[in-house]
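Fold and geometry: a report
For reference, the chains in residue letters:
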Amino acid sequence: MLTLDELSELLINSECDSEIIEHEKPILKTDDADEYFDSSKAAPVFIVKTEKGFYALIVSNQYNRIDFKKLALDSGFSKIKLADKSDVLKVTGYEVGAVPLIGHNLPCLFDSKLLEFAYIYGGTGDKFHTLKIAPQDLLRLNKSVLEIEI
């Protein structure tokens, strides 16, 4: 689990094209985000459970729904489902809704659609800060990344 200062230091030391955006209110829904950045470029992180363990699923905010059966089939898993809240906290150290783009220490399933953007926006682990980052840098900083199409 990274603190905001540790995340900032990691981004600087890794020479990432990124910025941490501070906001006065937590972002709880898309309308809240639009005040600070283009929410169509948001990349929420969902923790999913598979037969091979837990993964961080980083996807474009532009989907209304994720077909987990198709995602499992396309990714080589027999089953993918959202992790329980208690499991999310246990495996990441973060609560549901606060899992950061970087620092969750899980292998990733990364939506290749996000590569179309110069920058994507997502969590930092702190509800009053958002990470703006080039998607290629996000791929570089996360471990065991499998690019997927949703």
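The text that follows walks through the structure, step by step, so that each part is easy to find.

How each quantity is defined
- Residues numbered from 1 in each chain as written.
- Predicted model: local features only at pLDDT ≥ 70, side-chain atom pairs only at ≥ 80, totals over all residues.
- Heavy atoms only, no water.
- Helix = DSSP H or I, 4+ residues; strand = E, 2+ residues; numbered from the N terminus.
- Buried < 20%, exposed > 50% of the residue type's maximum accessible area, 1.4 Å probe, protein only.
- Contact = heavy atoms within 4.5 Å.
- Areas by Shrake-Rupley, 256 points an atom, 1.4 Å probe, with all protein chains shown as cover.
- Lys, Arg positive; Asp, Glu negative; His and termini not counted.
- Charge placed at Lys NZ, Arg CZ, Asp CG, Glu CD.
- Pairing = 2+ DSSP bridges.
- Axes fitted to C-alpha atoms, helices over the stretch in contact; angles between N-to-C directions.

1. Observations regarding the overall build of the protein chain
- Counting secondary structure elements, the protein chain contains five helices and eight strands.
- Moving toward the C terminus, one meets the helices and strands of the protein chain in the order α-β-α-β-β-α-β-α-β-β-β-α-β.
- For the protein chain, the C-alpha atoms occupy an extent of roughly 40 × 30 × 25 Å along the three principal directions.
- Residues classed as buried in the protein chain amount to 42% of the 150 residues present.
- Intrachain contacts of the protein chain at a sequence separation of at least 6 include 65% that bridge at least 24 residues.
- Surface summary for the protein chain: the accessible area is close to 8400 Å², and the carbon and sulfur share equals 48%.
- Averaging the locations of the 17 positively and 25 negatively charged side chains of the protein chain gives two centres separated by 10 Å.

2. Section: the sheet that holds strand S3 (residues 53-58)
- Ordered in space as S4-S2-S3-S5-S8, the five strands form an open sheet in which the pairing is mixed. Taken across any chain shown, the strands that pair with only one partner, and hence form the sheet edges, are strand S4 (80-82) and strand S8 (145-148). Along the sheet, successive strands turn relative to each other by an average axial angle of 35°, direction set aside.
- Bridge count between strand S2 (residues 45-50) and S3: six bridges; the pairing is antiparallel. The residue of S3 that forms the bridge with threonine 50 is glycine 53.
- Sheet strands touched by helix H3 (residues 68-75): S2, S3, S4 and S8. Its angle to S4, the strand with the most contacts, is close to 135°.

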